[in-house]
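# Structural features, examined
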Amino acid sequence: MLVGVCDFPGSYAFPPAGYGGIERWLWAVAVGARAAGADVHLLGPGWLTDLENDWVRKPVRLEDVTAGSLAERELRGARYDLLIVGHEYPSLPAWTRTWNDLDCDVATFQHSPVFQHAATAFDGKRSRLYCYSPEMIERYADHRPIPELAVHLGLNEEEPPAVAGTDLVWLGRIDEEKAPHIAVRAAQILGRRIRIVGPVFDEGYVRRHDRLFSADHVKWVGELGGPAKTAAIREASVFVYTYARTYVEAGAAVFGESLRAGTPMAALTWRTGTCAEAALCDQTGAISVADPDEDDETAARRLAHAIEQAEGLDHGQVQEIGLRRFDPARHFSAMAARSC
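What this report covers is the structure whose coordinates are included nearby. In this text, all values refer to a predicted model and were calculated from it rather than measured experimentally.

All right, on to the side chain of Arg61 then. Among the structural elements, Arg61 can be located in the loop between β3 (56–58) and α2 (70–78). Of the residues examined, Arg61 reaches a relative accessible area of 15% and is grouped as buried. Reaching out from Arg61, the side chain makes a polar contact with the backbone oxygen of Phe8 at a distance of 3.4 Å. Among all residues touching Arg61, those that are not within four sequence positions of it are Asp7, Phe8, Pro9, Gly44, Pro45 and Gly46.

Given below as structure tokens:
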């Protein structure tokens, strides 16, 4: 099987070394495809040039290819079986024109809870949309979505054997939608230290919660990538997951990242059917479902209870389950099954 993994214009590299969403998923699919025995072409100019030593890299984007051009003839001659692409592209006329000419399958994963697809973008067979959680499946029901847990990988983020860990960790983009201040308050309730890892996206949000974020039990780490990012997760006793009441988590990279590192998760959600529910089980984490009408203090106390529950879990077992559940080769094979 020949698989083309397509980049897209963006501010992050392919693969990204630290923060990133769809970029990390595309890299995981490329790695998984190769591990599953497929031949892989990295399509588009965004892929790191260093990868040319070990990968076939073709710096052309389908949406830029003109009819009858040399690039189109080369793409057609490669005879791709499957293209993996960001979720916007099956609705982009310039992209789909070239894809239709290649006569191959296309698969994508929904990483946005709001993007509106063209009515004809997916047929569930030749063109397939995958979604993480029950609530995402419901949101995109008109496009015949297929349930699947996404796998995300960064560059040089291989996981060593799990350890018990000590302090708590929260990782992600730091803004109102991700609500890390609730994690910080939960840690404070328990008298625990917490490390905040990730880039600040909203300085105003940080200022509004300055009293919490500047407390002595909080350590600001900043954005990490590669082995340092993996270590920050692996060396924690519990990964604390939060988000705002109205936010819908679509791709949820952190679940796979934490479980693969062997770190159990304590998750605060505001409804059922979320990514946390899809990703976690009693052996890998604890979920606290809060009422959206409750205040942050009540939610933080619920989350503190979930942290206490998660701390009793075995890190080695968490990693064993995580490596199986979020295996790149398994993930690719699930998406490629309808192309075989």
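Now, onward.
Quick look at the packing of aromatic side chains now. Using the criterion set out here, one finds 13 aromatic pairs in the structure. Between Tyr241 and Phe255 the ring centres are 4.7 Å apart and the planes differ by 55°, which places this aromatic pair in the tilted class. You can see Tyr241 sitting in strand β11 (residues 238–241) and its partner Phe255 sitting in helix α9 (residues 253–261), a full 14 residues away along the chain. Neither Tyr241 nor Phe255 differs from the other in exposure class; each is buried. With a centroid separation of 6.5 Å and an interplanar angle of 55°, the aromatic rings of Tyr243 and Tyr247 are classed as tilted. Accessibility assignment for this pair places Tyr243 and Tyr247 in one class, buried. Three or more aromatic residues joined by ring pairs make a cluster, and in this case those are Phe8, Phe14, Trp27, Trp47 and Trp55.

Now for the packing of helix α8 (residues 226–234) against α9. The angle between the axes and the distance between the axes are what describe a pair of packed helices. It is the contact of α8 with α9, at a shortest axis distance of 9 Å, that shows an interaxial angle of 75°. As judged from the angle between their axes, α8 and α9 are roughly perpendicular. Taken together, the residues of α9 that come into contact with α8 (itself represented by Lys229, Ile233 and Arg234) are Glu257, Ser258 and Ala261. Partitioned by chemical class, the residues of the contact of α8 with α9 number two nonpolar, one polar and three charged.

Hydrogen bonds along the backbone pair up the strands of a sheet, which may run parallel or antiparallel. The sheet built from seven strands is open, its strands ordered β3-β2-β1-β4-β5-β6-β7 with parallel pairing. This sheet does not close on itself; its edge strands, each paired only once, are β3 and β7 (146–147). Relative to β7, strand β6 (residues 127–131) runs parallel, the two sharing two bridges. Its bridge partner being in β7, Tyr130 is matched across the sheet by Ile146. Lying on the sheet, helix α1 (residues 22–35) is in contact with β1 (2–6), β2 (39–43), β4 (82–84) and β5 (105–109); it crosses β2 at an angle near 155°.

What counts and how
- Residues numbered from 1 in each chain as written.
- Predicted model: local features only at pLDDT ≥ 70, side-chain atom pairs only at ≥ 80, totals over all residues.
- Heavy atoms only, no water.
- Helix = DSSP H or I, 4+ residues; strand = E, 2+ residues; numbered from the N terminus.
- Buried < 20%, exposed > 50% of the residue type's maximum accessible area, 1.4 Å probe, protein only.
- Polar contact = N/O pair within 3.5 Å; in protein donor to acceptor, adjacent residues only side chain to side chain.
- Contact = heavy atoms within 4.5 Å.
- Phe/Tyr/Trp six-rings, centres within 6.5 Å; stacked < 30°, edge-to-face > 60°.
- Axes fitted to C-alpha atoms, helices over the stretch in contact; angles between N-to-C directions.
- Parallel < 35°, antiparallel > 145°, perpendicular 65-115°, else oblique.
- Nonpolar A, V, L, I, M, F, W, Y, C, P; charged D, E, K, R; others polar.
- Pairing = 2+ DSSP bridges.

These figures come from the coordinates and say nothing about function on their own.
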